[in-house]
Amino acid sequence: MTRLRSLLLMAPSLLTIGIFMAVPMLVALAYSFMTSSPYGGVQMPFSVGAYIQILYDEDFDGTLAFTTDYLMIIGRSVVLAGLTTAACLAVAFPTAWFIVCRAPRQRQLLLFLVSLPFWINTLIRTYCWVLLLRDEGLVNHLLEGAGVTDEPVTLLYNDGAILLGLIYTFLPFMVLPIYSTLERVDHRLIEAAYDLYANRRLVFRRILWPLARPGVAAGALLVFAPALGSFLAPDLLGGGRKLLIGSLIQLEFTSGRNWPFGSAIAVLVSTGVLIAMLIQARRGRPPSELHA
Amino acid sequence: MSAQPFNWRHLPGGRSLMTSLLVFLYAPLAILVIYSFNASRIVTVWGGFSTRWFGMVWDNPDIRRTAYTSITVAIMATILATAFAVAAALALERGRLPGLRGLSESLIALPLVVPEIVVAITTLVFFSAIGLKLGAGNLVIAHTVFCIPFALLPMRARLRDMGQSAENAARDLYASDWQVFRRITLPLMLPAIASGAMLSFVTSLDDFIISMMVADAGTTTLPVYVYGMMRVGVTPEVNAVSAILLGVSLLLVVMALLLTGRKPAAT
């Protein structure tokens, strides 16, 4: 295929994503350096006010007072996304290894079952947990039936519920990339290690983990990035009362009507994701001497 | 001591881990479906089997209207994304893209890694900045963008797996580039194209956050409308319409994955 023809074939996809996704991200970057107009749009002149607003509250007389409100929201989002990633990793690694050790036919079936929820509407999947966890929900019914409690326990609208929802949503993202790296591990390495009196822990630490690192890095990114900007789990399971970054951005673009501020937060999130991508690209490579 | 020889493939507790994981993933969905057939108006009290909530969903004009919007947008976005993805898959797997490969790969991956809420607000900002008001057209554009990478997944995998020997053989027999594509590559790719189309249809149909921000009053999609219902409260109608959406997604994805007979990589 000639270069020109390859380029022409690539062009529709590149132009669509470039114009309607990459350029909009740059426009949002520009918006974050403007001031909000009273009609809900933005206006010149250039200012870094939106970024200052993240750290400082402006009083009526124009003096700035340091505020931790938004830092807390950002911090909470990062912590929740981090916990989600860690929990997914802890479950996904042994699961992926278990699947790798099955017979090929069973492997296909298990992979299929693990990845299927990825394609199901996140809204519906999150709503399922509202059904389960609310005061009149199944979990409370079971608890009361078992005599554990007399009154419904409030399970919804806290950080635990958000975390559960996030893990539920993003777990398949972690299993698949780890599986695809573990699948390629040369079995002779493992057998050799056991022949040399390694135990399970040592095999994991010295062989499986280093070789699976690209998969772990890819999975961590695929979980952390969307979890950081998640909107549905905090909104439906967290009750939207405690803000996270995702809901904060959404709020600033709807009822908040402060587009520059919303853009500035979005720019921060995107920068965070970009940094995570760069770390993944650097750290994700397997050590070359072990690459079988 | 057990008499069995040591087997490193055996992971202690692996089977129960796998079972609990599958229960964790599927039990909530199963419970939703069961509730949707509950005759009682009180969602969690079982009042016998009934399909009356599905009837109510069917008779709800708002659900019909928004479902129509969702399906129209999904069809349009699927056609565009699938056509673009076939071309891109050929270029990426068979073509020469000197100096552009890295850029192409990153741009294609962009919709997969950028958090949805960021995509949603940047798209909103962009459409308002250039004053684009195409109604459902705006949604079609936004959906096409994030459907392309999903449509590409099975196609690239297929092109990589099937190798180039059949194509090379045809070329040896003096087939032109077009003939090779028409007679060899396209027929061999067809299951993957169908699979990619179904995956992008599901992705478009399921999208909530981007549609919520981009859609205006006249172009509300079904998930956005259902979200509004959920905010009001847990009702049997919400369960029924959710179960329908769940069923449609499952059906399409299972079909898509069976078509290619390959593991569905989410990466």
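These figures come from a predicted structure and were not determined experimentally. (Residues numbered from 1 in each chain as written. Chains lettered and ligands numbered in written order. Predicted model: local features only at pLDDT ≥ 70, side-chain atom pairs only at ≥ 80, totals over all residues.)

Caption draft 1: Quick look at the overall build of chain A. Looking only at helices and strands, chain A features 12 helices and 4 strands. Looking at chain A as a whole, 45% of its 292 residues are labelled buried. Within chain A, counting contacts between residues at least 6 apart in sequence, those at least 24 apart form 69% of the total. (Helix = DSSP H or I, 4+ residues; strand = E, 2+ residues; numbered from the N terminus. Buried ≥ 20, exposed ≤ 12 C-beta atoms within 10 Å, placed from the backbone. Contact = placed C-beta atoms within 7 Å.)

Caption draft 2: Fine view of the domain arrangement of chain A. Residue and element names in this part refer to chain A. As assigned here, chain A comprises domain 1 (1-31) and domain 2 (78-290). Computed from C-alpha coordinates alone, the two centres of domain 1 and domain 2 are separated by 30 Å. Listed by partner, the interface residues are 4 residues for domain 1 and 6 residues for domain 2. Here the residues of the side of domain 1 that touches domain 2 are counted per class, giving 4 nonpolar, no polar and no charged. (Domains from an automatic or database assignment. Nonpolar A, V, L, I, M, F, W, Y, C, P; charged D, E, K, R; others polar.)

Caption draft 3: Focus on the environment of arginine 101 of chain B. Within the fold, arginine 101 of chain B resides in helix H4 (residues 101-113). Considered as a pair, arginine 101 of chain B and alanine 91 of chain B are 10 residues apart in the sequence and their alpha carbons are 9.6 Å apart.

Caption draft 4: Region of interest: unusual backbone geometry. One non-glycine residue, tyrosine 197 of chain A, lies in positive phi territory at about 70°. A positive phi angle, close to 65°, is found at tyrosine 174 of chain B, a residue other than glycine. With 7 C-beta atoms counted inside 10 Å, the residue tyrosine 174 of chain B sits in the exposed group.

Caption draft 5: Geometry of helix H5 (residues 116-129) of chain B. Residues and elements named next belong to chain B. Between its first and last C-alpha, H5 extends 20 Å over 14 residues, near the 20 Å set by a 1.5 Å rise per residue. Taken across its 14 residues, H5 has 12 buried, putting it largely inside the fold. Downstream of H5 by a residue or two, glycine 131 has a phi angle that is positive, lying close to 65°. (Expected span 1.5 Å × (residues − 1).)

Caption draft 6: View of the environment of tyrosine 31 of chain A. Tracing the sequence through the fold places tyrosine 31 of chain A in helix H1 (residues 3-31). By the C-beta count within 10 Å, which is 27 here, tyrosine 31 of chain A ends up buried.

Caption draft 7: Here's a closer look at the packing of helix H3 (residues 69-100) of chain A against helix H7 (residues 159-182) of chain A. All names here are of chain A. Across the interface, H3 lies against H7 with an axial gap of 6 Å and an inter-helix angle of 40°. Judged by the angle between their axes, H3 and H7 are oblique. Our pair here, H3 against H7, has a crossing hand that is right-handed. A breakdown of the residues in the contact of H3 with H7 according to their chemical character gives 23 nonpolar, 2 polar and 1 charged. (Axes fitted to C-alpha atoms, helices over the stretch in contact; angles between N-to-C directions. Parallel < 35°, antiparallel > 145°, perpendicular 65-115°, else oblique. Left-handed = near helix turned anticlockwise from the far one by under 90°.)

Caption draft 8: Summary view of the interface of chain A and chain B. At the junction of the two partners, chain A supplies 82 residues and chain B supplies 72 residues. The greatest single-element share of the side of chain A that touches chain B, amounting to 21 residues, is contributed by H1 of chain A. Looking at the side of chain A that touches chain B residue by residue, the class counts come to 60 nonpolar, 18 polar and 4 charged.

Caption draft 9: How the structure looks around the confidence of the model for chain A. Looking at chain A, the pLDDT average stands at 84 and 91% of residues meet or exceed 70. Of all the helices and strands in chain A, strand S2 (residues 42-43) of chain A carries the lowest mean pLDDT, 66, while H3 of chain A carries the highest, 92. (pLDDT = per-residue confidence, 0-100.)

Caption draft 10: Molecular detail of the environment of isoleucine 31 of chain B. Here isoleucine 31 of chain B is to be found in helix H1 (residues 14-36). Here the alpha-carbon distance between isoleucine 31 of chain B and phenylalanine 201 of chain B, two residues 170 residues apart in the chain, equals 26 Å. In this view, isoleucine 31 of chain B contacts Cys128, Leu131, Leu132 and Leu138 of chain A; residues no more than four positions away in its chain are not counted.

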